[in-house]
Amino acid sequence: MPATDVDFEREFEELVRDLRALPTAAPTDVRERVRALGEPARPRTLHDLLLTLSLPRSLLVLAPVCVLALVSAAVIHGLVNSSGNSGHTASAKQPLDLRAQAEHGAAGGTSTTPVFGALAKPLAPSLPTPAAGRYQDYEASLTVRVKDVDALHDRTAEATQLARTYGGYVASVDESTNSGNGRSDLVLRIPVNRVEDAYFRLARLGTVTEQHLSIRDLDQVVQTQRRRIVQLKVQIARIDEALKSSSLPADVRLRLELQRDAAKQELAQVTGSNKATLREASLSRISLTLTSQKAAVATKGGMSRIERAARDAGSFLAGAGAVVLFLLIVLSPLIVLALAWILGSRAYRRREERRLLSAA
Amino acid sequence: MKAVNAVTTSWPGLRVDRPTFSAVAESELDAVHRYLLFLTGNRTVAEDLTGETFEKAFRIWRRFDPRRGTPRAWLCGIARTTALDHFRSEERRRRREERYARDLPDAEETALGSGELETALGRLSAAEREVVALRVLLELDGPTVARVLGISTTACSTRLSRALKRLEEMMRDARD
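Residues numbered from 1 in each chain as written. Chains lettered and ligands numbered in written order. Predicted model: local features only at pLDDT ≥ 70, side-chain atom pairs only at ≥ 80, totals over all residues.

Helices and strands together make up the secondary structure of chain B, namely seven helices and two strands. For chain B, the succession of helices and strands along the chain, N to C, is β-β-α-α-α-α-α-α-α. When each of the 176 residues of chain B is scored for burial, the buried share is 37%. Of the contacts made within chain B by residues no fewer than 6 positions apart, 64% connect residues no fewer than 24 positions apart. (Helix = DSSP H or I, 4+ residues; strand = E, 2+ residues; numbered from the N terminus. Buried ≥ 20, exposed ≤ 12 C-beta atoms within 10 Å, placed from the backbone. Contact = placed C-beta atoms within 7 Å.)

So, on to unusual backbone geometry. Despite not being glycine, Glu-139 of chain B has its phi angle at roughly 55 degrees, a positive value. Topologically, Glu-139 of chain B is positioned in the loop between helix 5 (126–137) and helix 6 (142–149).

Moving on: the sheet that holds strand 4 (residues 207–217) of chain A. Residue and element names in this part refer to chain A. The strand order across the open sheet built from five strands is 2-3-5-1-4, with neighbouring strands paired in mixed fashion. Both edges of this open sheet fall to strand 2 (169–178) and strand 4, since each of them pairs with a single strand only. Averaged over all pairs of adjacent strands, the angle between their axes in this sheet comes to 10 degrees, without regard to strand direction. Here strand 1 (residues 136–145) runs beside strand 5 (residues 283–291); their pairing, made up of seven bridges, is parallel. When the bridges of strand 5 are listed, Leu-142 appears paired with Leu-288. Docked against the sheet, helix 6 (residues 149–165) engages strand 2, strand 3 (181–191) and strand 5, running at close to 5 degrees with respect to strand 3. (Pairing = 2+ DSSP bridges. Axes fitted to C-alpha atoms, helices over the stretch in contact; angles between N-to-C directions.)

With that out of the way, let us pick up the packing of helix 8 (residues 219–243) of chain A against helix 9 (residues 250–282) of chain A. Packed helix pairs are characterised by how far apart their axes lie and by the angle those axes make with each other. Residues and elements named next belong to chain A. Running from N to C, helix 8 and helix 9 cross one another at 155 degrees; their axes reach a closest spacing of 9 Å. Classified by the angle between their axes, helix 8 and helix 9 sit roughly antiparallel to one another. Here the hand of the crossing between helix 8 and helix 9 comes out left-handed. For the contact of helix 8 with helix 9, the residue count by class is 13 nonpolar, seven polar and nine charged. (Parallel < 35°, antiparallel > 145°, perpendicular 65-115°, else oblique. Left-handed = near helix turned anticlockwise from the far one by under 90°. Nonpolar A, V, L, I, M, F, W, Y, C, P; charged D, E, K, R; others polar.)

Take the confidence of the model for chain B next. Residues and elements named next belong to chain B. Chain-level pLDDT for chain B is 81 on average; 83% of the residues reach the 70-or-more range. Per-element confidence in chain B is highest for helix 2 (residues 43–59), whose mean pLDDT is 92, and lowest for strand 1 (residues 6–11), whose mean pLDDT is 53. Here the complex is predicted with pTM 0.49, and the ipTM for its interfaces comes to 0.73. (pLDDT = per-residue confidence, 0-100.)

The subject of this paragraph is the nonpolar core. Counting 48 residues, the largest nonpolar core has Tyr-35, Leu-36, Ala-79 and Leu-134 of chain B as the members making the most contacts within it. Elements that contribute at least two residues to this core include exactly helix 2 (28–35) of chain A together with helix 1 (21–40), helix 2, helix 3 (71–100), helix 4 (116–123), helix 5, helix 6 and helix 7 (153–175) of chain B. Take this core: its biggest share by element is 11 residues, from helix 1 of chain B. Once residues within four sequence positions are removed from consideration, Ala-79 of chain B is found in contact with Val-32, Tyr-35, Leu-36, Leu-49 and Thr-53 of chain B. One finds Tyr-135, Ala-140, Ile-190 and Leu-283 of chain A within the second-largest nonpolar core, a separate group that totals 29 residues. (Core = buried A, V, L, I, M, F, W, Y, C linked by C-beta atoms within 7 Å.)

Moving on to the interface of chain A and chain B. Every contact between the two is made by 35 residues of chain A and, on the other side, 39 residues of chain B. For the side of chain A that touches chain B, the secondary structure elements donating two or more residues are helix 1 (5–21), helix 2, helix 3 (46–51) and helix 11 (305–359) of chain A. Here the side of chain A that touches chain B gets seven residues from one element, more than from any other, and that element is helix 11 of chain A. Grouping the constituent residues of the side of chain A that touches chain B by class yields 19 nonpolar, four polar and 12 charged.

Moving on to the pairing of strand 5 of chain A. Relative to strand 5 of chain A, strand 3 of chain A runs antiparallel, the two being bridged by nine bridges. Note on strand 5 of chain A: the bridge partner recorded for Asp-185 of chain A is Thr-289 of chain A.

This part takes up the confidence of the model for chain A. All names here are of chain A. For chain A, mean pLDDT is 78; residues scoring 70 or higher make up 79% of the total. When the elements of chain A are averaged for pLDDT, helix 5 (residues 98–108) gives the smallest value, 42, and helix 8 the largest, 90. Contacts for the low-pLDDT stretch residues 85–122, under 50 throughout, to residues beyond four places or in other chains number 63 contacts. Under a pLDDT of 50 for its full length, residues 297–301 has, in the predicted model, eight contacts with residues more than four places off or in other chains.

In structure tokens:
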């Protein structure tokens, strides 16, 4: 046994020195054999580099790359989607020459003029004036947000009263409330010559979130109907005149009488249609929706492009996350098996190494 | 002619300065042989395995990445795998021979040497001899040796101190 620490240190140094002094240099034949190998001819390729990557190292590289790719895809998705929506917003903000459009529709026959769709901001109501002297089917729809359910009842009653005030009537009312939210759908018929005033009064019932206008020109329809009425009246008068003659053969008389009856029937029909068309042209139809709900569409429209892009990117990432989670759940048994196999084979290999080294 | 001892391999963004294989083989041959000699405890086997190790290293030289470790540690890893393969095939051979030729005497093997130290080394296990070779003779650091052996650094230093203690005891007994 070494007497002191100094002895121990000395013995240890001697041992190391002796170990290093052992003749362990490679013999000449081995040296020549190794020298004969020379230099590998083929240069390193990317494939060789990839082969040097271990699994943990690969995961360390791949995981951030995948996350980065996913985030980039989400950002691009968000930007592309937000720019797609911006066109809609632009059209909403763009001032429209509605009066000109209405006139154009009148001149060109039948046209439908959308005023605004889903809008970015609460709207200032705008409405083209009906063209004077022309018959037009004038339809407007208006969505107005009110404060709460109590206000909804009051505004519904007010709208009904307004329709009567302007000489119109309420074609239908449908009011419903559900868990603090409510909605009233009214169809009001207002004389066309007073529709503008009525429309602006209705718009002031709350915050306009959506409005839409449709003008269909009926002038040509009315003229056609009138011409047909005149033609039929002339035809009936001629037949009546012909029937006054006593020299008509019986079969001709019968045929003329049948023609006159058919003409009278058609006249009655065309006259009825004409009256309906005139009635349609004299009363506008306003579909009014009063709601106490916060309009989701209005909220969406109210967001800036960056907010929309962020929201779209977020939903894209959430979707990708859901897919990854789904894959993890589906593949988890395989992953567990693979991990067990890797750990098991590693443990087996170490045990085998220990056994071989102890036997050697 | 000027000897080329290092080459530079570059891909876009990946620039690696690597020594040439022949330079590495020249400088590390003795170290690898020393390690294999200690691991196997047999000069003839160590010589064969040294040649095999360098042939294997020559074939996969392109995969060597100097950023991940020294050429010596990389070569020792290959040498160890080669030695383990040798032990495995020897074990199979012995099993076959035991089955068919039980009566044949063991072939005479060339030991480390005939001195006291060589005898003491021969009585250590191969695992103990290899850790002594790697740490004391080849002077590799603890984490590198642990990586080559596939064990933790603590296990590596424990094995080394146990091996040296046994060696010292055996040497002391031999002197006494």
